Amino acid sequence: MKITDLIASDKPTVSFEIFPPKRPEPSLFGEAEAEAAMARTKEVVRKIAAAKPAFVSVTYGAAGGTTGANTAAIAEFVQACGVPALAHLTCITSSRERIADELKSFREKGIENILCLRGDRPQGIRDQGGFKHAADLVRTCRDCSLIPDPSSLCLGGACYPECHPECAHLADDIAHLKEKVDAGLDFLTTQMFFDNNVYFHYLARLRSAGVTVPVLAGIMPVTNGKQIARICKLSGTSLPPRFRAIVDRFGEDPVAMLDAGVAYATEQIIDLFANGVNNVHVYTMNRPEIAIRIMLNLHGIVS
Ligand code: FAD
């Protein structure tokens, strides 16, 4: 089912994200190791799917070879568990031929939702196929010469309420985003944010810039106090004082931080729903217990 159909009503939806195993180098790991990693991820998928999210997104390695094939395989497994899948696809290190192969593979596996991304350029790897920006990938996905009926794909893209770290001004980032959406996107998902006002202000700016597609709010339940400062610095995400106090107080205690991180994320989600945002995407980081606890907390709201 297309994401745009899933989110068409006023009903609140919650979706989750998982990452597939990296495909191990054959010289370092045997086939058995790769199969064991896939089996562990499938177990995670089973548990996350049982929490009944609207859909599950499956990430993709920027250096295509690492998780590309596994993204398609895990997305197919998500759908076999009865939940629509959104397969991520990055282009920065890909050729046009490789993208065509990925699209064919997604189609063969019945995956119609694709998140079109540029990806972060891995150090030491040069661009291979002339894809400079995600908009180039969107145009390629909509190209009739690559796959039959490309308009039947439901395409999403990423957006950054606090500006993408490589762009100096939010106004320029939004102008680039408009170009990406106009290339053929159906919806957007935001980078994580910890202050809902950041999302509300950003949404207002997108609408006044003529970006009219649905914008799913990306929420990260923080369960690791040490990691979050580094992730936020890299992604340009700000930490509001109330959230910083939680990390300072509980960051060293994984059990307490899980409680506090899930509670903070739940409160953010309820505030978004209460203020008219219907679609929230939760970065569950392959942690079924997070997905389950969030869905339990929202039991009377999302059903
Ligand atoms: P783009 O939309 O191409 O934007 C990248 C930068 O280029 C921005 O600064 C933008 O302003 C600028 N830009 C765009 N167009 C132009 C132009 N015409 N002229 C000048 N500048 C321009 N990474 C992964 O590797 N795998 C994943 O699965 C993955 N999933 C993600 C999911 C979400 C929801 C988000 C928010 C991010 C995800 N990422 C993932 C990270 C993403 O790949 C990085 O943030 C990457 O740096 C940018 O990707 P993009 O698709 O947003 O790029």
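Residues numbered from 1 in each chain as written. Predicted model: local features only at pLDDT ≥ 70, side-chain atom pairs only at ≥ 80, totals over all residues. Heavy atoms only, no water.

Just to check I follow, could you spell out the overall build of the protein chain for this structure?
Of the regular secondary structure elements, the protein chain holds eleven helices and eight strands. Its C-alpha atoms give the protein chain a radius of gyration of 19 Å, within 12% of the compact-globule value 19 Å for 303 residues. A principal-axis box enclosing the C-alpha atoms of the protein chain has dimensions of 50 × 50 × 40 Å. Looking at the protein chain residue by residue over its 303 residues, the buried ones come to 52%. A sequence separation of at least 24 residues applies to 79% of the contacts in the protein chain between residues at least 6 apart. Averaging the positions of the 32 positive and the 34 negative side-chain charges in the protein chain gives two centres separated by 1 Å. (Helix = DSSP H or I, 4+ residues; strand = E, 2+ residues; numbered from the N terminus. Rg over C-alpha atoms; globule rule 2.2 N^0.38 Å. Buried < 20%, exposed > 50% of the residue type's maximum accessible area, 1.4 Å probe, protein only. Contact = heavy atoms within 4.5 Å. Lys, Arg positive; Asp, Glu negative; His and termini not counted. Charge placed at Lys NZ, Arg CZ, Asp CG, Glu CD.)

How should I be thinking about the pairing of strand β6 (residues 187–190) in this particular structure?
Along a regular strand, successive side chains alternate from one face of the sheet to the other. The alternating pattern of β6 places Phe187 and Thr189 and Leu188 and Thr190 on opposite faces, both of which are buried. Between the parallel elements strand β5 (residues 154–159) and β6, the chain passes through helix α6 (residues 170–182) in a crossover that is right-handed. In this structure, β6 lies alongside strand β7 (residues 215–219), joined through two bridges in parallel fashion. Bridge pairing in β7 places leucine 188 opposite valine 215. (Right-handed = clockwise from strand over helix to strand, strands pointing away. Pairing = 2+ DSSP bridges.)

How do you make sense of the site of the ligand when you look at a structure like this?
Around the ligand, a shell composed of 24 residues is seen, among which Tyr60, Asp120, Tyr160, Asp173 and Lys180 lie nearest. In isolation the ligand offers 990 Å² of accessible surface; the protein chains occlude 83% of this area. When atoms are counted within 2 Å of each cavity's grid points, the one that captures over half of the ligand is the largest pocket. Only β3 (85–90), β4 (113–117) and α6 provide two or more residues apiece to the shell around the ligand. Here the shell around the ligand takes four residues from α6, the largest share from any one element. Classifying every residue of the shell around the ligand gives nine nonpolar, nine polar and six charged. (Near = heavy atom within 4 Å. Areas by Shrake-Rupley, 256 points an atom, 1.4 Å probe, with all protein chains shown as cover. 1 Å grid on protein atoms, 1.4 Å probe; cavity = no way out; pocket = protein on both sides within 12 Å on 5 of 7 lines; lining within 4 Å. Sits in = over half its atoms within 2 Å of the grid points. Nonpolar A, V, L, I, M, F, W, Y, C, P; charged D, E, K, R; others polar.)

Got a minute to help me understand the pattern of salt bridges in this structure?
Oppositely charged side chains may form a pair once their charged atoms are brought near each other. Counted under the stated rule, the structure contains twelve salt bridges. The residue arginine 96 makes a salt bridge to aspartate 143 at a minimum N-O spacing of 2.6 Å. Placement of arginine 96 in helix α4 (residues 96–108) and of aspartate 143 in the loop between α5 (134–141) and β5 is noted, with a sequence separation of 47 residues between them. When the shortest N-O distance is used, the salt bridge between aspartate 186 and arginine 142 registers 2.9 Å. In this pair, aspartate 186 sits in the loop between α6 and β6 while arginine 142 sits in the loop between α5 and β5, placing the two residues 44 residues apart along the sequence. Given a relative accessible area of 24%, aspartate 186 falls into the partly exposed group. (Salt bridge = Lys/Arg side-chain N within 4 Å of Asp/Glu carboxyl O.)

Just checking my understanding: could you explain empty space enclosed by the protein for this structure?
As enumerated under the stated definition, the model contains one cavity of 30 Å³ or more in all. In this model, the largest cavity occupies a volume close to 40 Å³. In terms of residue class, the lining of the largest cavity is made up of five nonpolar, four polar and one charged. (Points joined across faces, edges and corners; volume = space filled by probe spheres on them.)

Even after reading the chapter, I still don't get the layout of surface pockets, so can you show me in this structure?
A probe as big as a water molecule, rolled over the atoms, marks out the empty space that is left. The volume enclosed by the largest pocket comes to roughly 2000 Å³. What lines the largest pocket is a set of 49 residues, among which Leu117, Gly119, Asp120, Tyr160 and Gln191 lie closest to the centre. Elements that contribute at least two residues to the lining of the largest pocket include exactly β1 (13–18), β3, β4, α5, β5, α6, β6 and α8 (225–235). Across the lining of the largest pocket, the residue classes break down as 23 nonpolar, 17 polar and nine charged. By volume, the second largest pocket is sized at about 310 Å³.

Explain the sheet that holds strand β8 (residues 279–282) to me, please; I cannot follow it from the model alone.
Hydrogen bonds between backbone atoms are what pair the strands of a sheet, whose relative direction is either parallel or antiparallel. As summarised here, the arrangement of the eight strands in space is β1-β2-β3-β4-β5-β6-β7-β8, forming a closed barrel in which the pairing is parallel. Across the sheet, the axes of successive neighbouring strands diverge by a mean angle of 30°, strand direction being ignored. Pairing of β3 with β4, which is carried by five bridges, proceeds in the parallel orientation. Among the inter-strand pairings, alanine 87 is bridged to a residue of β4, identified as isoleucine 114. Its contacts with the sheet place helix α3 (residues 68–80) against β1, β2 (56–58) and β3, and it is angled at close to 170° to β3. Sheet contacts for α5: β3, β4 and β5; angle to β4, the most-contacted strand, approximately 145°. (Axes fitted to C-alpha atoms, helices over the stretch in contact; angles between N-to-C directions.)

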